[in-house]
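# Observations on chain architecture
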Amino acid sequence: MRESYNHSRFNIDYEKYSENWIPRVAQTIFLNKTCFNGLFRFNSKGGFNTPQGKYKNPNIVDEQNLLNVSKLLELATIKKADFREVKNDLKKRFFLYTLILLTDQ
């Protein structure tokens with residue numbers, strides 16, 4: 001699954017939604033639930049490289065949790081932007097999740 005996940009990253013246009021995102025999300029959830037301690041890590045070449053966890057029966061499809069998260073995301077504003085652009089939009093009560101991508105640029 002990790003090899004498939006790493007290979008499929010080249011088939012995704014992150015600037016424009018497509019049906020390719022659906023299996024990508026399924027792979028992401030699977031890897032997050034089955035890898036070592038839920039760690040989600042990439043190497044310097046952009047490949048997912050977390051080792052497999054030792055779970056006998058991981059709860060990969062937690063239907064109630066997915067439904068709850070879906071409801072919360074209906075209220076969310078999701079932006080792909082530099083932090084300097086987002087900081088002016090922050091309100092008194094907010095949750096901010098950042099993903100930091102390190103590049104050679």
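For the structure itself, look to the data block above.
Here's a quick rundown of the structure.

So, how was this worked out
Residues numbered from 1 in each chain as written. Predicted model: local features only at pLDDT ≥ 70, side-chain atom pairs only at ≥ 80, totals over all residues. Heavy atoms only, no water. Helix = DSSP H or I, 4+ residues; strand = E, 2+ residues; numbered from the N terminus. Buried < 20%, exposed > 50% of the residue type's maximum accessible area, 1.4 Å probe, protein only. Contact = heavy atoms within 4.5 Å. Areas by Shrake-Rupley, 256 points an atom, 1.4 Å probe, with all protein chains shown as cover. Lys, Arg positive; Asp, Glu negative; His and termini not counted. Charge placed at Lys NZ, Arg CZ, Asp CG, Glu CD. Phe/Tyr/Trp six-rings, centres within 6.5 Å; stacked < 30°, edge-to-face > 60°. Lys NZ or Arg CZ within 6 Å of the ring centre and 35° of its normal.

## Digging into the overall build of the protein chain
The helix and strand inventory of the protein chain stands at four helices and zero strands. Dimensions of the protein chain, computed from C-alpha atoms along their principal axes, come out at roughly 45 × 40 × 30 Å. Evaluated residue by residue, the protein chain yields a buried proportion of 13% over its 105 residues. Here the analysis covers contacts within the protein chain between residues at least 6 apart in sequence; of these, 34% occur between residues at least 24 apart. With the model as given, the accessible surface of the protein chain reaches about 9,700 Å², and the carbon-plus-sulfur share is 56%. The positive charge centre, built from 17 side chains, and the negative charge centre, built from 11, are 7 Å apart in the protein chain.

## What about the side chain of asparagine 6?
Its location among the elements puts asparagine 6 in helix α1 (residues 2-8). Of the residues examined, asparagine 6 reaches a relative accessible area of 16% and is grouped as buried. Apart from the residues within four sequence positions on either side, asparagine 6 is in contact with Gly47 and Phe48.

## Observations regarding the environment of glutamate 63
Mapped onto the fold, glutamate 63 is located in helix α3 (residues 63-74). On the accessibility criterion, glutamate 63 (57% relative accessible area) is exposed. Taking the C-alpha atoms as reference points, glutamate 63 and phenylalanine 94, 31 residues apart in sequence, are found 26 Å from one another.

## Points about the packing of aromatic side chains
Under the defined criterion, the tally for this structure stands at six aromatic pairs. Here tyrosine 5 and phenylalanine 48 contribute two aromatic rings whose centre-to-centre distance is 5.8 Å and whose plane-to-plane angle is 75°, an arrangement assigned as edge-to-face. One end of the pair, tyrosine 5, is in helix α1; the other, phenylalanine 48, is in the loop between α2 (21-34) and α3, with 43 residues separating them in the sequence. You'll find tyrosine 5 and phenylalanine 48 in the same group, each marked buried. Measuring from ring centre to ring centre gives 5.8 Å for phenylalanine 42 and phenylalanine 48, while their planes differ by 75°; the resulting arrangement is edge-to-face. Overall, phenylalanine 42 belongs to the partly exposed group, its relative accessible area being 39%. The exposure class assigned to phenylalanine 48 is buried, which follows from its relative accessible area of 2%. The rings of Tyr5, Phe40, Phe42 and Phe48 are connected pair by pair, giving a single aromatic cluster. Looking at arginine 24, its charged tip hangs above the ring of tyrosine 5, at a distance of 3.7 Å from the centre.

## Focus on the environment of serine 8
Along the chain, serine 8 falls in helix α1. Sequence separation of serine 8 and proline 23 is 15 residues, and the distance between their C-alpha atoms is 9.4 Å. Setting aside residues up to four positions removed in sequence, serine 8 forms contacts with Arg24 and Gln27.

## A few points about unusual backbone geometry
Positive phi, normally seen in glycine, also occurs at asparagine 37, with a value near 55°. Counting through the fold element by element, asparagine 37 comes out in the loop between α2 and α3.

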